[in-house]
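Chain by chain, the residues:
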Amino acid sequence: MTESTAKLEFRGKTHELKVRPGSVGPEVIDIASLYKDTGAFTYDPGFTSTASCESEITFIDGDAGVLLHRGYPIDQLAEHSDFLEVCYLLLYGELPTKAQKDDFDHRVTRHTMVHEQMSRFFTGFRRDAHPMAVMCGVVGALSAFYHDSTDISDPYQRMVASVRLIAKMPTIAAMAYKYHIGQPFIYPKNDLGYAANFLHMCFAVPCEEYKVNPVLARAMERIFILHADHEQNASTSTVRLAGSSGANPFACIAAGIACLWGPAHGGANEAALNMLSEIGTVDRIPEFIGRAKDRDDPFRLMGFGHRVYKNYDPRAKIMQKTTHEVLGELGIKDDPMLDVAIELERIALTDEYFIEKKLYPNIDFYSGITLKALGFPTTMFTVLFAVARTVGWIAQWKEMIEDPQQKIGRPRQLYTGPAERDFVPIAKR
Ligand code: SDX
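This one's a predicted model, so the numbers in the text were calculated from it and none came from an experiment. (Residues numbered from 1 in each chain as written. Predicted model: local features only at pLDDT ≥ 70, side-chain atom pairs only at ≥ 80, totals over all residues. Heavy atoms only, no water.)

Around the ligand sit 24 residues, and of these His-230, Arg-295, His-306, Arg-307 and Arg-315 come closest. The side chain of Asn-362 places a nitrogen or oxygen atom 3.0 Å from an oxygen atom of the ligand. Contact distances for the ligand include 2.8 Å between an oxygen atom and a side-chain N or O atom of Arg-389. About the coverage of the ligand: the protein hides 79% of its 1000 Å² of free accessible area. Classifying every residue of the shell around the ligand by side-chain character gives 10 nonpolar, seven polar and seven charged. (Near = heavy atom within 4 Å. Polar contact = N/O pair within 3.5 Å; in protein donor to acceptor, adjacent residues only side chain to side chain. Areas by Shrake-Rupley, 256 points an atom, 1.4 Å probe, with all protein chains shown as cover. Nonpolar A, V, L, I, M, F, W, Y, C, P; charged D, E, K, R; others polar.)

Moving on: the pairing of strand S1 (residues 4–10). Pairing analysis gives seven bridges linking S1 to strand S2 (residues 13–20), with the strands arranged antiparallel. Across the sheet, Ala-6 pairs through a bridge with Leu-17, a residue of S2. (Pairing = 2+ DSSP bridges. Helix = DSSP H or I, 4+ residues; strand = E, 2+ residues; numbered from the N terminus.)

Taken from the UniProt record, the annotation "active site" (unreviewed entry) applies to His-306 and Asp-364. Look at the named residues: they lie 59 residues apart in sequence, but the longest C-alpha span between them is just 10.5 Å, so in the fold they bunch up. Apart from the residues lying within four places of it in its own chain, the contact partners of His-306 are His-230, Arg-315 and Asn-362. At 2.9 Å, the side chain of His-306 forms a polar contact with the backbone nitrogen of Val-308. Tracing the sequence through the fold places Asp-364 in helix H17 (residues 363–374). Residue classification places Asp-364 among the buried positions, given a relative accessible area of 6%. When sequence neighbours within four positions are dropped, the list of residues in contact with Asp-364 reads His-265, Gly-266, Ala-268, Asn-269, Ala-272, Gly-303 and Phe-385. (UniProt positions renumbered as here; feature names shortened; annotations may be inferred. Contact = heavy atoms within 4.5 Å. Buried < 20%, exposed > 50% of the residue type's maximum accessible area, 1.4 Å probe, protein only.)

This is the structure:
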């Protein structure tokens, strides 16, 4: 499609607005000069119809259930790539050659340790602190340890910060988990792959050899790939907005972690598993379906629905397959929560309410069952989401910083408060 225009009739005047085509997907109507030309703002709380930026990284077709990273379908990446190859693709825009992949793996591997002083940083937290609270604090503190990669105007420092974050998030996440359960920290091992190293740091103990199960490591790689990036979701938009002020990348990623924590977003995997455990048995599903449909009941089926996907979340299908692989490898025959999840999905997909509102399982619906089977407590589920999404956040942050049109994000509002009025002394109120 070529550029065209849209006409806006407003207060007796006709305004021509530029319409820009994407390479695929919806066109955009450029309203950047609307306020200057009309004195009015557009209004779109929740950004249901707003493109906040131009990006070449990830494309989602919500109606078709399509997710592409730099043009490559998520199911092909999940099948054929490892996580660091997807990281390279998101950061650099192309799949790496063998030499480029080896170099990238080498660079990431040699940044997996954190400054030894950070171990002391953890001791300030209560042991029962939610690991996401610890992640917000510790990742935000990275800028206090890695000053030499906070100059966002230096391309070399931007890439070093990106590699440091990708490399250190699994180490920090594993440290948060070990601290939570009162076990000693386990250092990264440079001879292990990304996911295997993470599993080793989480589940090894100093007193004995820990062999990582290769089937589980492959499943973990795939889970990381499925969570790597997802266009302009709430936490990515948070990272872009924080970065637009020139804040350092570590602080921006900490802001993304804080936003991801919400149960409507990345916190849904923890909430979905808690919901499945609250439902408990298949015969209680109708009660919860009824609650989900009741507009006076704030209860929602966690792991269902999506702002963009009005069809099946392609990641959920791959996650479901991974769930069965992991349970099979671990010899878990009848997981009651999986029975409830499968039956809940079957009922929901045939229920008029969910069909009419186009509510399908999203990536968070099955991930919790898989992560629980891998040995993680529910409080760690969103931490794992944050580990994977760090590459998406930092790739989007880099794209924004390197955009010559980049400016600070500063939305306006529809003001409905009181007009100007004079102060009234307390004696007269
Ligand atoms: C993620 O954006 C991303 O890309 C996010 C993510 C990523 O990779 O970054 O994909 C990760 O966050 C996945 C979503 C995880 N969240 C959940 O599973 C929480 C449960 N889902 C909902 O809270 C909700 O579906 C959202 C937040 C995901 C989407 O909300 P929207 O787009 O604002 O839709 P909505 O709330 O306006 O819902 C539309 C209608 C409403 O009914 P009406 O007011 O029109 O009558 O559908 C209903 C909602 O009540 N609805 C649900 C529901 N989700 C929406 N009803 C019951 N159960 C649900 N889960």
